[in-house]
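These are the residues of each chain, in order.
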Amino acid sequence: MEAAIVDSVALHDCPEYRDGCVEVLCEEWGRSKTARLSMLEKSNPYLPYNIVLLERTISDSEHGTVIGHSRLCRVYGQQDAAFVESVVVRRKRRNQGLGRKLMDETEQHALRLGITTLYLSTHDKQDFYNHIGYEYCNPVVSCGAASAFLTEKLSLLIGCNDASTTLYGSSQKVHETAPSTDLCVPDVDDCPDGQDFSETLSETGSVCQDDTDTEPIGRPNRLSQPPPPPPPTPLASRAFGGERKEVIKRISVYWMKKDLTSVL
């Protein structure tokens, strides 16, 4: 078998990979091709900034196959920070170290943009992100697709120097253990086309569903372990044909960040 090269490109520099990104994203979270393309077309050299993980062969290094995707968006009130979301590796290529490779490439793209801090959120992959250097933090506000319409100056005007000030009214010390936010989402039976809203949350919350190996790298991580997310808790129910059916469940979201100056 011919050796393969795995690297990344910015989607706006190589728009020919949009269809491949749509395939990878829809494989994980569904939605229409038109909606996906609309989101991907917003990628630009400033933010939002879509990153494509490619696999190439040595004999054909000019063309690659899309095997992963991530996106950087602006964070309200923080000029040198970005929020990572829509992190995904093609299902058949998971558990091969590509999740870590995708995050490494994402961080390198961020550094080239002058970004020094990355934020993300997850409801089930906090151990993976902790292992690659992310620490628990207070929530921040991502501009998402609106990043394309916000200059850095405007972002600072509508935000503040510390996003936690906006959220909490005053600056707070970062939690020593994992802070989490309980969110309520509808059950799958109440979602259109049978799509579970938790999948949408996973995408927005940047859940990398890949590579949870925990071999030691460098010095051990001294962060305390986060409490496990609580099991789904029914908050309401209603009757269907004489039977009571749970329609709301609760999940925990963990917010994390990484100082990229440590990887320079």
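Every value quoted in this text rests on a predicted model; they were computed, and no experiment measured them.

Undergrad: Help me understand the overall build of the protein chain in this model?
TA: Helices and strands together make up the secondary structure of the protein chain, namely seven helices and 10 strands. With 264 residues in all, the protein chain has 45% of them scored as buried. At a minimum sequence separation of 6, the contacts of the protein chain that also span at least 24 residues come to 74%. When the accessible area of the protein chain is evaluated, it comes to approximately 13,400 Å², of which 51% is carbon and sulfur surface.

Undergrad: How should I be thinking about helix α2 (residues 33-40) in this particular structure?
TA: What sets the pattern is the α-helix's 3.6 residues per turn: residues three or four places apart point alike. The complete set of buried residues in α2 reads Arg36, Leu37, Met39 and Leu40. Projected down its long axis, α2 shows its buried positions confined to an angular sector of 160°, all on one face.

Undergrad: Help me understand the pattern of salt bridges, please; the structure alone is not making it clear to me.
TA: For side chains bearing opposite charge, pairing can occur when the charged atoms are close. In the structure shown here, the tally under the stated rule is nine salt bridges. Notably, a salt bridge pairs aspartate 7 with arginine 56, separated by 3.1 Å at the nearest N-O pair. With aspartate 7 in strand β1 (residues 4-10) and arginine 56 in strand β2 (residues 49-57), the pair connects residues that are 49 residues apart, well separated along the chain. Aspartate 7 sits in the partly exposed class, given a relative accessible area of 23%. Lysine 33 is paired through a salt bridge with aspartate 19; the nearest N and O atoms lie 4.0 Å apart. With lysine 33 in helix α2 and aspartate 19 in helix α1 (residues 18-29), the pair connects residues that are 14 residues apart, well separated along the chain. Classification of lysine 33 as partly exposed rests on a relative accessible area of 48%. One network of salt bridges, with partners in common, ties together Glu28, Arg91 and Arg94.

Undergrad: Teacher, can you tell me more about the packing of α1 against α2 here?
TA: Axes are the key here: two packed helices are described by the angle between their axes and the distance separating the axes. Contact geometry for α1 and α2: axes closest at 10 Å, N-to-C directions at 120°. On the basis of their axis angle, the class for α1 and α2 is oblique. Between α1 and α2 lies a crossing of right-handed hand. Across the interface between the two elements, Arg18, Asp19, Cys21, Val22, Leu25, Cys26 and Trp29 from α1 touch Lys33, Arg36, Leu37, Met39 and Leu40 from α2. Looking at the contact of α1 with α2 residue by residue, the class counts come to eight nonpolar, no polar and four charged.

Undergrad: Whenever I open this one, helix α3 (residues 98-112) confuses me. Can you help?
TA: Relative to the 21 Å expected for 15 residues at 1.5 Å per residue, α3 spans 21 Å between its end C-alpha atoms, a close match to the ideal helical length. α3 sits mainly inside the fold: 11 of its 15 residues count as buried. Listed as buried for α3 are Leu98, Gly99, Arg100, Leu102, Met103, Glu105, Thr106, Glu107, His109, Ala110 and Leu111. Glycine 114, located one to two residues past α3, shows a positive phi value of around 85°.

About the cut-offs
- Residues numbered from 1 in each chain as written.
- Predicted model: local features only at pLDDT ≥ 70, side-chain atom pairs only at ≥ 80, totals over all residues.
- Heavy atoms only, no water.
- Helix = DSSP H or I, 4+ residues; strand = E, 2+ residues; numbered from the N terminus.
- Buried < 20%, exposed > 50% of the residue type's maximum accessible area, 1.4 Å probe, protein only.
- Contact = heavy atoms within 4.5 Å.
- Areas by Shrake-Rupley, 256 points an atom, 1.4 Å probe, with all protein chains shown as cover.
- Arc of directions from axis to C-beta.
- Salt bridge = Lys/Arg side-chain N within 4 Å of Asp/Glu carboxyl O.
- Axes fitted to C-alpha atoms, helices over the stretch in contact; angles between N-to-C directions.
- Parallel < 35°, antiparallel > 145°, perpendicular 65-115°, else oblique.
- Left-handed = near helix turned anticlockwise from the far one by under 90°.
- Nonpolar A, V, L, I, M, F, W, Y, C, P; charged D, E, K, R; others polar.
- Expected span 1.5 Å × (residues − 1).

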